[in-house]
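Fold and contact review
The primary structure of each chain is shown beneath.
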Amino acid sequence: MKIKKLLFYLLATLLAGCIPVMSLHPLYTDKDLIFDEKLLGTWPEGNDSWKFEEGSDPNSYALTVTSDDKKGKFIAHLVKIDDMLFLDLFPSGPDLDINLLLAIHLLPVHTFMKVEQVEPTLQMQMMDPDKIEEMLKSDPNLIKHEIVEERILLTASTEELQQFMTEHADDEGLFGEPSDLQRLQPKDANKPNSIDPNEG
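So, a few notes on the structure that sits alongside this text. (Residues numbered from 1 in each chain as written. Predicted model: local features only at pLDDT ≥ 70, side-chain atom pairs only at ≥ 80, totals over all residues. Heavy atoms only, no water.)

With respect to the environment of glutamine 125
Within the secondary structure, glutamine 125 sits in strand β9 (residues 123-126). Classification of glutamine 125 by relative accessible area gives buried; the value is 10%. Expressed as a C-alpha distance, the spacing of glutamine 125 and leucine 174, which sit 49 residues apart in the sequence, is 9.3 Å. (Helix = DSSP H or I, 4+ residues; strand = E, 2+ residues; numbered from the N terminus. Buried < 20%, exposed > 50% of the residue type's maximum accessible area, 1.4 Å probe, protein only.)

Here it is in structure tokens:
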């Protein structure tokens, strides 16, 4: 089997160079997934963009994040926990033209974002690694984790991750400042810098 996955820290590179909190396990089980068609489309962020398309699996999205003309592809799932929404992102490609020995040492992981709203603008928040590091220093048993190359890797089970979110997702500072993205109208989909101010 070819193991040429997108580097597990690619999302960090795409999001202003901030290394995100990573997880070995997903935030969802099948019963936690929802599909919201309002998320579909292209959402510009300056010169960058987030493009959500319907995924190949039920209740999944094919997400392409473009930054500095470089594209990262992810499988995204919209997760509902209590009355909160989250995005679970997992790399799907592209394959990397790298040495196979190096490839087998790369570990694809999940990253989580909190979704405040989908319309009229898309507001997403990435977990703040500095805040969770502070929380783990105060209580190392707060959630199962390892520190790998100075990065936080959550090793908790899906059930434990969901319990953590239930108890702490609203803690001040755990999730950073939200985006405020406006979806392109279909007629403008190929014009990343053209946004209709009346689009909801």
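Overview of unusual backbone geometry
Look at the link from glutamate 119 to proline 120: it is a cis peptide, with omega at 10 degrees. A positive phi angle is found at aspartate 82, which is not glycine, with a value near 55 degrees. Tracing the chain through its elements places aspartate 82 in the loop between β6 (70-81) and β7 (84-93).

Comments concerning the environment of isoleucine 152
Looking at the secondary structure, you find isoleucine 152 in strand β11 (residues 151-154). Given a relative accessible area of 8%, isoleucine 152 falls into the buried group. Once you skip the residues sitting within four places of it in the chain, isoleucine 152 turns out to touch Val21, Met22, Pro129, Ile132, Glu133, Leu136, Glu146 and Ile147. (Contact = heavy atoms within 4.5 Å.)

Considering the pattern of salt bridges
It is possible for side chains of opposite charge to pair when their charged atoms get near one another. Applying the stated rule across the entire model yields eight salt bridges. Here aspartate 36 makes a salt bridge to lysine 38, at a shortest N to O gap of 3.2 Å. Put simply, glutamate 53 and lysine 51 hold a salt bridge, and the shortest N to O gap is 3.9 Å. We classify glutamate 53 as partly exposed; its relative accessible area is 37%. Taking the relative accessible area as the measure of exposure, lysine 51 reaches 36% and is therefore partly exposed. Connected through salt bridges with shared partners, the residues Lys114, Glu116 and Asp170 form a single ionic network. (Salt bridge = Lys/Arg side-chain N within 4 Å of Asp/Glu carboxyl O.)

What to know about the sheet that holds β11
If you trace the three strands from one edge of the open sheet to the other, you get β1-β11-β10, paired in mixed fashion. Each end of this open sheet is capped by a strand with a single partner; those strands are β1 (22-23) and β10 (145-148). Here two bridges tie β1 to β11, and the two strands are oriented parallel to one another. Along β11, the bridge assignment pairs methionine 22 with leucine 153. (Pairing = 2+ DSSP bridges.)

Some points on the nonpolar core
The biggest cluster of nonpolar side chains holds 23 residues, and the ones touching the most others in it are Phe86, Met127, Ile132, Phe164 and Met165. Counting residues per element, the ones that place at least two in this core are β6, β7, α3 (129-138), β11 and α4 (158-168). What methionine 127 contacts, discounting residues up to four positions off in sequence, is Val21, Phe112, Ile132, Phe164, Met165, Leu174 and Phe175. In this structure, Leu39, Tyr61, Leu63 and Val65 belong to the second largest nonpolar core, which totals 19 residues. (Core = buried A, V, L, I, M, F, W, Y, C linked by side-chain atoms within 4.5 Å.)

Digging into the side chain of threonine 64
For threonine 64, the location among the structural elements is in strand β5 (residues 61-67). Look at threonine 64 and you get buried, because its relative accessible area is 9%. A polar contact of 3.4 Å, which involves the side chain of threonine 64, links it to the side chain of lysine 73. Residues within four places of threonine 64 in sequence aside, it is in contact with Ser49, Trp50, Lys51, Lys71, Gly72 and Lys73. (Polar contact = N/O pair within 3.5 Å; in protein donor to acceptor, adjacent residues only side chain to side chain.)

What to know about α4
Inspection of α4 places Thr158, Leu161, Gln162, Phe164, Met165 and His168 among the buried residues, and these make up the whole buried set. The buried side chains of α4 occupy one side of the element, clustering within an arc of 155 degrees when seen end-on. (Arc of directions from axis to C-beta.)

Some thoughts on α3
Turning to α3, its buried residues number three or more, namely Pro129, Ile132, Met135 and Leu136. Buried residues of α3, viewed axially, fall in a sector of 125 degrees; they line one side. With respect to the buried face of α3, the exposed residues turned more than 90 degrees away are Asp130, Lys137 and Ser138. Contacts from the buried residues of α3 go to β10, β11 and α4.

Here we look at the packing of aromatic side chains
Counted according to the given criterion, the structure contains three aromatic pairs. A centroid spacing of 4.5 Å and a plane angle of 10 degrees characterise the contact between phenylalanine 35 and tyrosine 61, whose relative ring orientation is stacked. In this pair, phenylalanine 35 sits in the loop between β2 (33-34) and β3 (41-45) while tyrosine 61 sits in strand β5, placing the two residues 26 residues apart along the sequence. Look at phenylalanine 35 and you get partly exposed, because its relative accessible area is 27%. Ring geometry for phenylalanine 86 and phenylalanine 175: centres 6.1 Å apart, planes at 45 degrees, overall tilted. One end of the pair, phenylalanine 86, is in strand β7; the other, phenylalanine 175, is in the segment after α4, with 89 residues separating them in the sequence. Taken individually, phenylalanine 86 and phenylalanine 175 each receive the classification buried, so the pair is uniform in this respect. (Phe/Tyr/Trp six-rings, centres within 6.5 Å; stacked < 30°, edge-to-face > 60°.)

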